Amino acid sequence: MKDLKHFKKVSDYHKQANIAAPEHPLISLVDYSQVQYPSIIESLKWKQDYYTIGLKRNVPYKFFYGQQEYDFDEGVMTFIAPNQIMSLGENPNIKTNIPSGWLLLVHPDFLWNSSLAKTIKQYEFFGYTVNEALFLSEKEEQMMLNILMQIQGEYQSNIDKFSQKIIIAQIELLLNYAERFYERQFITRNITNHQVLSQLEKVLAEYFTKNQTIENGIPTVQDVADRLNLSPNYLSSMLKSLTGQSTQQHIHNTIIEKAKEQLATPLLSISEIAYNLGFEHPASFTKLFKNKTDMSPSEFRKTYN
């Protein structure tokens, strides 16, 4: 069983990586080629109280973030939020032992009393179940690197009353570019996305045609994502870019379609239909149906009589 370490300060990572102490207590840009993890690193788990934004290549480890394996064999950027459990394992896909790149460590206290302190949590790529690194072109990678260098240059210079605002603005710029590039990453995989959409429809059809809902209840986003071997955040982001709707909305749409089919015949009562579709309480079914169709199930049924 792996030991769990807790990195509360940015300086704690510097000690673990066997590099010089940070120049600023709350923010640091680490040259990843200088990182020297201890030989026992693969036997450790850790959580940290700060954000980590990585821009790196040739990482000789597999990276486990929560219950997911973070895929960055060919990816460039990774985004890790505070209070997540992580671990490393050997990565057989990387032949070189000379990693390169940068790690930006930002403690939430550095963002205190800024708008980014609130909005940073809205960037989905910091999600616990994201498991795909951001891929960048050479031009995009250089753009991100330039921003990182500007951040480092600012905190290394004489700190004044403007320094924090300037650095936070640069962090926000970097995150906004990352959001744009992640969106592009979804769009450029359009063929794969359509295949996932087709598989999603098949998975939902099986739930409702094989009466799994009677035994297991309404499928959750996690249930569907597990069957597709994707993380919930990744699946919802992909579906939003493709259809404009989240996974939850797709589940609800399927429920409404199946409900309409059963309401069109008088064989079952509305309560029986609700239970068949996985609802514990008919009132919950009625509420969802009315929210989606502007009619109650009984009103809809009357249109067929």
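Residues numbered from 1 in each chain as written. Predicted model: local features only at pLDDT ≥ 70, side-chain atom pairs only at ≥ 80, totals over all residues. Heavy atoms only, no water.

- Per an unreviewed UniProt entry, the protein goes by the name AraC family transcriptional regulator and belongs to Meridianimaribacter flavus.

## Some words on the environment of Phe289
- Along the polypeptide, Phe289 turns up in helix H11 (residues 282-293).
- With 33 residues separating them along the chain, Phe289 and Ile256 place their C-alpha atoms 6.5 Å apart.
- Beyond its immediate sequence surroundings of up to four residues, Phe289 is in contact with Ile256, Ala259, Lys260, Leu263, Asp294, Met295, Ser296, Pro297 and Phe300. (Helix = DSSP H or I, 4+ residues; strand = E, 2+ residues; numbered from the N terminus. Contact = heavy atoms within 4.5 Å.)

## A few points about the nonpolar core
- Counting 33 residues, the largest nonpolar core has Met77, Phe79, Phe126, Ile171 and Leu175 as its most contacted members.
- When contributions to this core are tallied by element, the ones reaching two or more residues are strand E2 (27-31), strand E4 (51-57), strand E7 (77-80), strand E9 (100-106), helix H3 (138-156) and helix H4 (163-187).
- In terms of residues, this core owes the most to one element, H4, which gives eight residues. (Core = buried A, V, L, I, M, F, W, Y, C linked by side-chain atoms within 4.5 Å. Buried < 20%, exposed > 50% of the residue type's maximum accessible area, 1.4 Å probe, protein only.)

## A short note on helix H9 (residues 247-263)
- Counted at 1.5 Å a residue, the expected span for H9 with its 17 residues is 24 Å, and the 24 Å between its end C-alpha atoms agrees.
- Every buried residue of H9 is listed here: Thr247, His250, Ile251, Thr254, Ile255, Ile256, Lys258, Ala259 and Leu263. (Expected span 1.5 Å × (residues − 1).)

## Points about the side chain of His107
- Here His107 is to be found in the loop between E9 and helix H2 (116-119).
- For His107, the contacting residues outside a window of four places in its chain are Lys8, Val10, Leu26, Asp49 and Tyr50.

## Considering the sheet that holds E7
- Judged by pairing direction, the sheet is antiparallel, and its four strands sit side by side in the order E2-E9-E4-E7 without closing on themselves. With partners counted over all chains shown, the strands left at the sheet margins are E2 and E7, one partner each. On average, adjacent strands in this sheet sit at an angle of 10° to one another, irrespective of strand direction.
- Here E2 runs beside E9; their pairing, made up of five bridges, is antiparallel. Counterpart to Ser28 in the pairing with E9 is Leu105.
- Packing against the sheet, H3 makes contact with E2, E4, E7 and E9, and its axis sits at approximately 125° to E2. (Pairing = 2+ DSSP bridges. Axes fitted to C-alpha atoms, helices over the stretch in contact; angles between N-to-C directions.)

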